[in-house]
Amino acid sequence: MKNRSLIVYYSWVGNTEVVAKEIHRLTKFDIQKIEEKKTRKLGKVAGAAMGAVFGLKSSLKPMDFAMEGYENIFLGVQVWAGKTAPAVNKFLKEASFEDKKVWLFITKADEKIPQQVIDSITQRIEKKGGSVFDSMAITTKWDPKTNIPIEPEDVQEATHEWLQKEGFLEE
Ligand SMILES: Cc1cc2nc3c(=O)[nH]c(=O)nc-3n(C[C@H](O)[C@H](O)[C@H](O)COP(=O)(O)O)c2cc1C
């Protein structure tokens, strides 16, 4: 199971990265970061939100979109203006999801479950032959002035519980 699962994530402020690294710490699954080619300056929130609202796709640094050899994909994303970030839009367009089983982990500032984002990602993955098995959404504290990511301790319990429920951890 270990070598057949990949954690792939995008993170601007660092919250989703904290969750991705926690999943990696618990499972030792391979881990890969989605990175934009351009430098996105922290705090430039309006431009970022606009990109999400209009469904833009940004250029990414070279990465393997084939995900060959992996059966399970843990995809880490966040909510931007009720939608997905341009880097995530690009990844979902380019990546090959044929026969992949996908688990979504999502960070966001709102308390409510980001159902719209879950549905929109699920649709895009299903169109490409993949299936979304489950999702976990974690609420973060977000201050666009300081941009300090959450602490690993803030996500440990939820992440552990989720991985165990989904059968990725030994008892
Ligand atoms: C441009 C922008 C727009 C956001 N819009 C929302 C939103 O509509 N709803 C929400 O719950 N959180 C929103 N957030 C908060 C982020 O989803 C949250 O801080 C997330 O953990 C950021 O992920 P990251 O640290 O991995 O980049 C927004 C953050 C940014 C930067």
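Everything here concerns the structure above.
Residues numbered from 1 in each chain as written. Predicted model: local features only at pLDDT ≥ 70, side-chain atom pairs only at ≥ 80, totals over all residues.

**Here we look at the site of the ligand**
The ligand sits among 22 residues. The nearest are Val13, Asn15, Thr16, Thr107 and Asp110. For the shell around the ligand, the elements supplying multiple residues, two or more each, are α1 (15-27), α2 (45-53) and β4 (101-108). Class assignment of the residues belonging to the shell around the ligand gives a composition of eleven nonpolar, eight polar and three charged. (Near = placed C-beta within 6 Å. Helix = DSSP H or I, 4+ residues; strand = E, 2+ residues; numbered from the N terminus. Nonpolar A, V, L, I, M, F, W, Y, C, P; charged D, E, K, R; others polar.)

**Side note on the pairing of strand β5 (residues 131-139)**
Bridge count for β4 against β5 is eight bridges, and the pairing is parallel. Within β5, the residue paired with Leu104 across the bridge is Ser135. With helix α4 (residues 115-127) bridging β4 and the parallel β5, this β-α-β connection has right-handed handedness. (Pairing = 2+ DSSP bridges. Right-handed = clockwise from strand over helix to strand, strands pointing away.)

**Structural notes on the sheet that holds β5**
With respect to topology, five strands assemble into an open sheet ordered β2-β1-β3-β4-β5, the strand pairing being parallel. Of all strands in the sheet, those bounded by a partner on one side alone are β2 (30-34) and β5. Mean inter-strand twist for the sheet, computed between neighbouring axes without regard to direction, equals 20°. Against the sheet, α1 touches β1 (5-10), β2, β3 (72-78), β4 and β5, its axis set at about 165° to β1. (Axes fitted to C-alpha atoms, helices over the stretch in contact; angles between N-to-C directions. Contact = placed C-beta atoms within 7 Å.)

**Focus: α2**
Turning to α2, its buried residues number three or more, namely Ala48, Gly51 and Ala52. Buried residues of α2, viewed axially, fall in a sector of 100°; they line one side. In α2, the exposed positions angled more than 90 degrees off the buried face are occupied by Ala46, Gly47 and Val53. Its buried side turned inward, α2 meets α3 (86-94). Trailing α2 by a residue or two, Gly55 shows a phi angle of about 65°, which is positive. (Buried ≥ 20, exposed ≤ 12 C-beta atoms within 10 Å, placed from the backbone. Arc of directions from axis to C-beta.)

**Some words on the pairing of β2**
Taken together, the five bridges between β1 and β2 define a ladder with parallel strand orientation. Residue pairing in the sheet places Tyr9 in a bridge with Lys33 of β2. Considered for its hand, the β-α-β crossover made up of β1, α1 and β2 is right-handed.

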